[in-house]
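Descriptive structure summary
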Amino acid sequence: MGLLKNVWVFADKASPLAELCAGGRQLGEKVTAVVLGTEESAQQAIKRGADQVYWLGSKAEDKMFEDYTCTIAGLLAKHRPELLLVNASKRTKVVAGRLAAILGASVITNAIEFRTGEHNGDLQVSHIVYGGLAVRLEKPLSDIAIATVGNGVFRAETDSNRQGSIIEPPFVEDSCKLRLLESRVKDTESVNLASAARVVGVGRGIGKQEGLAMVYELAKKLKAEVACTRPVAEEEKWMSPERYIGVSGAMIKPDMYLALGISGQIQHMTGAKGARVIIAVNKDINAPIFEQADYGLVGDMYKVVPALMKNQF
Amino acid sequence: MKVIVCYKVVPEELKIEVNPDRSLSFKNVEWKLSQYDLNAVEAAMQLVEAVGGKASALTVGDQKVENSKLKKSILARGPEDLYLVKDEQLKEADTNLTAAALAGAVMKIGFDLVLCGEGSSDLYAQQVGIQLGELLKVPVINAVSKITPDGDRLIIERSLEDEIEILEVSLPAVLSVTADINVTRLPGMKEILAAGKKPVIEWDLNKIGMGHDLPKVETISTLAPEQVERNKILIEGDSELQIAELVEYIRRELK
């Protein structure tokens, strides 16, 4: 597989940035990271795989990540990398989209695989479409290809001996005038499902929020992370959105996935199919999940979960 | 306030079939309004009801945008008129070309505010609204969960993964709203009948000043993923013995 000459990466959080730096290493000869944050975070990007960092400094109190779009656009227009990798948060989707419009490119979203051929123009990117029903393979036709990449597509690496340069570009006043009046942190937990070794997921089959207590207890016993389907997070709001598995949520690759009361909708299963072993418990014998599980049990999770807890694994 | 709300005509996902060669078949597919766009329509109507003005609907695409049931369905939800940019070049357009076509139409119509949904329910790129705003060179933001008009500007609440932001946006602007910004209204018989009488303006790419713009990505293939082989061992019941059987399987796997 040939390599691209220049791959640029940026993310609005440290853990996806680390993954993208590793992805950049896999795909390109030279990796450049654009980092907004402490100088320490700029140095981290080098240890994670960047050869060069454009350090935008620490974020000003009254600014958003999005306010640095024109600064980043200027750097990209000058250095013309073949590929820009961006994490898939709501903020960075704004930046990626504006950069695409400025630079005359498209954005390939939710990329799951990259192929680079013998020549520079041979980049092909696959991404999920139709809610997980299909994977679309696309070839970028613009000089710069822009792709957003979800958590877990690349695995972060660390090399503490890595050396690289840090450059501080001047700030370019942004053209998109929005005034940030207030910002508050949502009451959410941080969870990294993508790197969990074991995951217990719940679907609407749980019936009530109170049922979650026993699920958390079982997960603790199994040393597993707790996850859910999109409706449990977004419609019922029983769990934070960070915990839902699916095309637009987390893509997991655990050793074991235990799915409780999950019917097996394609959107969810696309996010879960990276699991080595899938075990499903569902009341409905016709639930599609049984067709996609290694072991299935037709039954009441309120009976099965307490029984499982009595065992040592 | 002159509000334009953009929507996309998408396939009913449940009717897409997978052929033996893993390609997709759309032959039994019905076309529908992308669900998240309906929240944008509702947000537009609530704004116009609050401050006065006019809401127009806009879509771009190939001949599918002509579907008369869908034209009626969007107009029954409140917009006063409907603009269609119909062109075979827009069949399966990428985000870049779609945003460019919308930008051309929006400039021709004139606007204070453009509203989009959080993403289309088929491809869910969540990109078109953003690129549209940048092409129009006006303020643009996504994840808008509340809009409060305040003179010639809007105060918006933005709901991110782990933060809530309050932002001031001057008009004109482009906003993408979340799926939970509102609960959409179902149009009644009166609205559906009235929809048939509302004006529909149809343009092609030439009419909005676009020549032969090409997409910036080429689709090589769209295939259903290869199935991962699973054991599919099924225990049909939750008796003590049957649960013990499951425990045994789990133990064996986790060893």
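These numbers were taken from a predicted model, which means no experiment stands behind them.

With respect to the overall build of chain B
Looking only at helices and strands, chain B features 6 helices and 15 strands. Viewed in the frame of its principal axes, chain B has a C-alpha envelope of about 70 × 40 × 40 Å. Out of the 255 residues belonging to chain B, those deemed buried represent 53%. At a minimum sequence separation of 6, the contacts of chain B that also span at least 24 residues come to 72%. Approximately 11600 Å² of chain B is accessible, and the part contributed by carbon and sulfur atoms is 51%.

What about the environment of A:P241?
Residue and element names in this part refer to chain A. Structurally, the position occupied by P241 is in the loop between α6 (230-235) and β13 (256-260). Owing to a relative accessible area of 32%, P241 belongs among the partly exposed residues under this scheme. Residues P241 and V129, spaced 112 residues apart in sequence, show a C-alpha to C-alpha distance of 20 Å. Look past the residues within four positions of P241 in its chain and what remains in contact with it is A233 and E234.

Quick word on the confidence of the model for chain B
Summary statistics for chain B give a mean pLDDT of 95 and a share of 100% for residues scoring 70 or more. Scored as a complex, the prediction yields pTM 0.88 and ipTM 0.92.

What about the interface of chain A and chain B?
With 84 residues of chain A at the interface, the matching set in chain B holds 72 residues. In this assembly, chain A packs against chain B so that about 7100 Å² is buried in total across both faces, 56% of it on carbon and sulfur atoms. Sorting the residues of chain A by area buried against chain B places A:K90, A:Y130 and A:Y295 first, and these three jointly supply 11% of that buried surface. Counting every contact that joins chain A to chain B gives 12 salt bridges. Across the pair A:R98 and B:E134 runs a salt bridge, and its minimum N-O distance is 2.5 Å. At the boundary of chain A with chain B, the tally comes to 49 residue pairs in polar contact (both at pLDDT 80 or more). If you list the elements that add at least two residues to the side of chain A that touches chain B, you get α4 (90-103), β5 (107-115), β6 (124-129), β7 (134-140), β10 (178-185), β14 (277-282), β15 (295-298) and α8 (301-309) of chain A. The dominant element in the side of chain A that touches chain B, judged by the number of residues it contributes, is α4(A), at 10 residues. A class-by-class count of the residues in the side of chain A that touches chain B yields 40 nonpolar, 19 polar and 25 charged. Both β10(A) and strand β11 (residues 163-170) of chain B contribute to a ladder of 7 bridges, which runs antiparallel. Looking at the pairing, A:L178 lines up with B:V169 of β11(B).

Let's talk about the pattern of salt bridges
Taken as a whole and assessed by the stated rule, the structure comprises 41 salt bridges over all chains. With a shortest N-O distance of 2.3 Å, B:E168 and B:R153 are connected by a salt bridge. Of this pair, B:E168 sits in strand β11 while B:R153 sits in strand β10 (residues 153-159); the two residues are 15 residues apart in sequence, bridging distant segments of the chain. Residue B:E168 is classed as buried on the basis of its relative accessible area of 16%. The network of salt bridges with common partners includes A:E66, A:R91, B:R158, B:E163 and B:E165.

Considerations on helix α1 (residues 35-51) of chain B
Residues and elements named next belong to chain B. With 17 residues, α1 extends 26 Å between its outermost C-alpha atoms, agreeing within 8% with the 24 Å of an ideal straight helix rising 1.5 Å per residue. Within α1, 12 of the 17 residues are buried, which leaves the element mostly enclosed by the surrounding structure. Along α1, the residues classified as buried are Y36, D37, L38, N39, A40, V41, E42, A43, A44, M45, L47 and V48. At the C-terminal side of α1, G52 shows a positive phi close to 85°.

Focus: the packing of helix α3 (residues 95-109) of chain B against helix α4 (residues 128-136) of chain B
Residues and elements named next belong to chain B. For the pair α3 and α4, interaxial distance at closest approach is 8 Å and the crossing angle is 50°. Judged on the interaxial angle alone, α4 and α3 are oblique. α3 and α4 meet at a crossing whose hand is right-handed. Every residue of α4 that contacts α3 at T95, N96, T98, A99, A100, L102, A103, V106 and M107 is listed here: V128, Q131, L132, L135 and L136. Across the contact of α3 with α4, the residue classes tally to 10 nonpolar, 4 polar and no charged.

Here's the deal with the pairing of strand β1 (residues 4-10) of chain A
All names here are of chain A. For β1, a buried count of 5 out of 7 residues is recorded, marking the element as mostly surrounded by other parts of the structure. Between the parallel pair β1 and strand β2 (residues 28-35), the chain is carried across by helix α1 (residues 14-27), and the sense of this crossover is right-handed. Pairing geometry for β1 and strand β4 (residues 83-87), over 4 bridges, is parallel. By the bridge assignment for β4, W8 is matched with L84.

Remarks on the packing of aromatic side chains
All names here are of chain A. Inspection of every chain in the model, using the stated rule, returns 9 aromatic pairs over all chains. When the ring of Y68 is compared with that of F171, the centres are 5.2 Å apart and the planes differ by 70°; the resulting orientation is edge-to-face. One end of the pair, Y68, is in the loop between β3 (52-55) and α3 (69-79); the other, F171, is in the loop between β9 (165-167) and β10, and 103 residues separate them in sequence. Since its relative accessible area comes to 4%, Y68 is described here as buried. Classification of F171 as partly exposed rests on a relative accessible area of 37%.

Some points on the sheet that holds strand β14 (residues 217-223) of chain B
Strands pair in a sheet through their backbones, by hydrogen bonds, and they do so in one of two ways: parallel or antiparallel. Taken in spatial order, the 10 strands make up an open sheet running β9(A)-β3(A)-β2(A)-β1(A)-β4(A)-β8(A)-β5(A)-β6(A)-β7(A)-β14(B), and their pairing is mixed. Looking at strand neighbours, the two that pair on one side only are β9 of chain A together with β14 of chain B, the edges of this open sheet. Geometrically, the sheet is characterised by an average inter-axis angle of 35° between neighbouring strands, direction not taken into account. Strand contacts of helix α2 (residues 39-47) of chain A: β2, β3 and β9 of chain A, with the helix running at about 160° to β3(A), the strand carrying the most contacts. Here α3(A) sits on the sheet in contact with β1, β2, β3 and β4 of chain A, set at roughly 180° to β1(A).

Parameters and conventions
Residues numbered from 1 in each chain as written. Chains lettered and ligands numbered in written order. Predicted model: local features only at pLDDT ≥ 70, side-chain atom pairs only at ≥ 80, totals over all residues. Heavy atoms only, no water. Helix = DSSP H or I, 4+ residues; strand = E, 2+ residues; numbered from the N terminus. Buried < 20%, exposed > 50% of the residue type's maximum accessible area, 1.4 Å probe, protein only. Contact = heavy atoms within 4.5 Å. Areas by Shrake-Rupley, 256 points an atom, 1.4 Å probe, with all protein chains shown as cover. pLDDT = per-residue confidence, 0-100. Buried area = accessible area lost by both parts, 1.4 Å probe. Salt bridge = Lys/Arg side-chain N within 4 Å of Asp/Glu carboxyl O. Polar contact = N/O pair within 3.5 Å; in protein donor to acceptor, adjacent residues only side chain to side chain. Nonpolar A, V, L, I, M, F, W, Y, C, P; charged D, E, K, R; others polar. Pairing = 2+ DSSP bridges. Expected span 1.5 Å × (residues − 1). Axes fitted to C-alpha atoms, helices over the stretch in contact; angles between N-to-C directions. Parallel < 35°, antiparallel > 145°, perpendicular 65-115°, else oblique. Left-handed = near helix turned anticlockwise from the far one by under 90°. Right-handed = clockwise from strand over helix to strand, strands pointing away. Phe/Tyr/Trp six-rings, centres within 6.5 Å; stacked < 30°, edge-to-face > 60°.

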